[in-house]
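What the coordinates show
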Amino acid sequence: MDPSSEQGLLSSDTVPEVGEDVAAATVNMTENLSEQEQEELRKELAKVEEEIQTLSQVLAAKEKHLAEIKRKLGINSLQELRQNITKGWQDVTSTSAYKKTSETLSQAGQKASAAFSSVGSVITKKLEDVKNSSTFKSFEEKVENLKSKVGGAKPAGGDFGEVLNSAANASATETITEQIQEETQ
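Along each chain, the written sequence defines residue order, and numbers are assigned to residues from 1. Only residues with pLDDT of at least 70 get local features here, since the model is predicted, and only at 80 or more are side-chain atom pairs given and counted; chain-wide, interface and lining totals rely on the full set of residues. Hydrogens and water are ignored here; the side-chain numbers use all heavy atoms of the structure.

1. So, the packing of aromatic side chains
For Phe, Tyr and Trp, where Trp contributes only its six-membered ring, two rings pair if their centres lie within 6.5 Å, and the inter-plane angle classes them as stacked under 30 degrees, edge-to-face over 60, or tilted in between. Considering all chains together, one arrives at one aromatic pair under this definition. An angle of 75 degrees between the planes, with centres 5.8 Å apart, marks the rings of W89 and Y98 as edge-to-face.

2. Quick notes on a negative patch on the surface
The residues that make up patches have over 30% relative accessible area and no salt bridge, and they are joined within 9 Å when like-charged or within 5 Å when they are Val, Leu, Ile, Met, Phe, Trp or Tyr. With residues, only the protein chains shown are counted as cover, and all accessible areas are computed by Shrake-Rupley using a 1.4 Å probe. Salt bridge, as applied in this entry: a Lys or Arg side-chain nitrogen positioned within 4 Å of an Asp or Glu carboxyl oxygen. Only four residue types enter the tally: Lys and Arg on the positive side, Asp and Glu on the negative side; His and the chain ends are excluded. Every charge is mapped to an atom, namely NZ of Lys, CZ of Arg, CG of Asp or CD of Glu. Together, E35, E37, E39, E40 and E44 give the surface a local cluster of negative charge. Structurally, E35 can be placed in helix α3 (residues 35-73). Partly exposed residues are those whose accessible area sits between 20% and 50% of the maximum for their type, while under 20% is buried and over 50% is exposed, using a 1.4 Å probe and protein chains only. For E35, a relative accessible area of 62% translates into the label exposed. Here a strand is any run of E in DSSP of at least two residues, a helix any run of H or I of at least four, and the numbering for each starts at the N terminus.

3. Considering α3
Given a rise of 1.5 Å per residue, 39 residues ought to cover 57 Å, and the 57 Å separating the end C-alpha atoms of α3 matches this to within 8%. Backbone geometry just downstream of α3 places G74 in the positive-phi region, at approximately 80 degrees. An expected span of 1.5 Å times one less than the residue number is assigned to each helix.

4. Comments concerning the pattern of salt bridges
Across all of its chains, the model carries three salt bridges by this definition. Between D91 and K87 there is a salt bridge, and its shortest N-O distance comes to 3.3 Å. One end of the pair, D91, and the other, K87, are both in helix α4 (residues 77-93), four residues apart, so they sit about a helical turn from each other. Where D129 meets K125, a salt bridge forms, and the shortest distance between an N and an O atom there is 3.5 Å. Taken together, the positions of D129 and K125, both in helix α5 (residues 96-131) and four residues apart, correspond to about one turn of that helix.

5. Some thoughts on a nonpolar patch on the surface
A cluster of nonpolar side chains, contributed by I69, L73 and I75, occupies part of the molecular surface with about 260 Å² of accessible area. Of note, I75 is situated in the loop between α3 and α4. Since its relative accessible area comes to 31%, I75 is described here as partly exposed.

6. Re the confidence of the model for the protein chain
Confidence per residue, as judged by the predictor, is encoded in pLDDT with a range of 0 to 100. Mean pLDDT over the protein chain: 76, with 65% of residues reaching 70 or higher. Averaged pLDDT values over the elements of the protein chain bottom out at 49 in helix α1 (residues 3-9) and peak at 94 in α3. Residues count as neighbours in contact if any of their non-hydrogen atoms are within 4.5 Å of one another. This model gives residues 5-12 a pLDDT under 50, and the stretch forms two contacts once residues within four places in sequence are excluded.

Here is the structure:
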């Protein structure tokens, strides 16, 4: 590298910041405007500021008038909020995205309901299969035999729950009878 190019890289020229660029451009614009143009712009600026102030005053007066009308009609902030929420909800429910989502959720609910129904049917069928299986029949016969030994001869039949209850009652009765006999001896 030659010394002249190094000097260019290390030059002490500062890079103006964004705010400085705007300020410099404004100064340059002001220098380019004649006194008459500057005066016209100042008048226009004053006029616009005055219009803004007038509009602000008119807006404040209109808002006051609006509040007065609402007070006379008995409309309060809570009622307005309720109306805004109702209108907002109506706006949301009328959108196509809401309708599509609602339809999709409805279909999903129907499919889930059908799936639960079919699961219930499958479980019921499996329980029936178990009840009709040879293993269950064999177990049921063993319980019947136990019942007849413990509770005495009773007519066969009844459901599985009745058999278990009577076997439990017979066992409890036998235990109480044994305790009484031990106490009397």
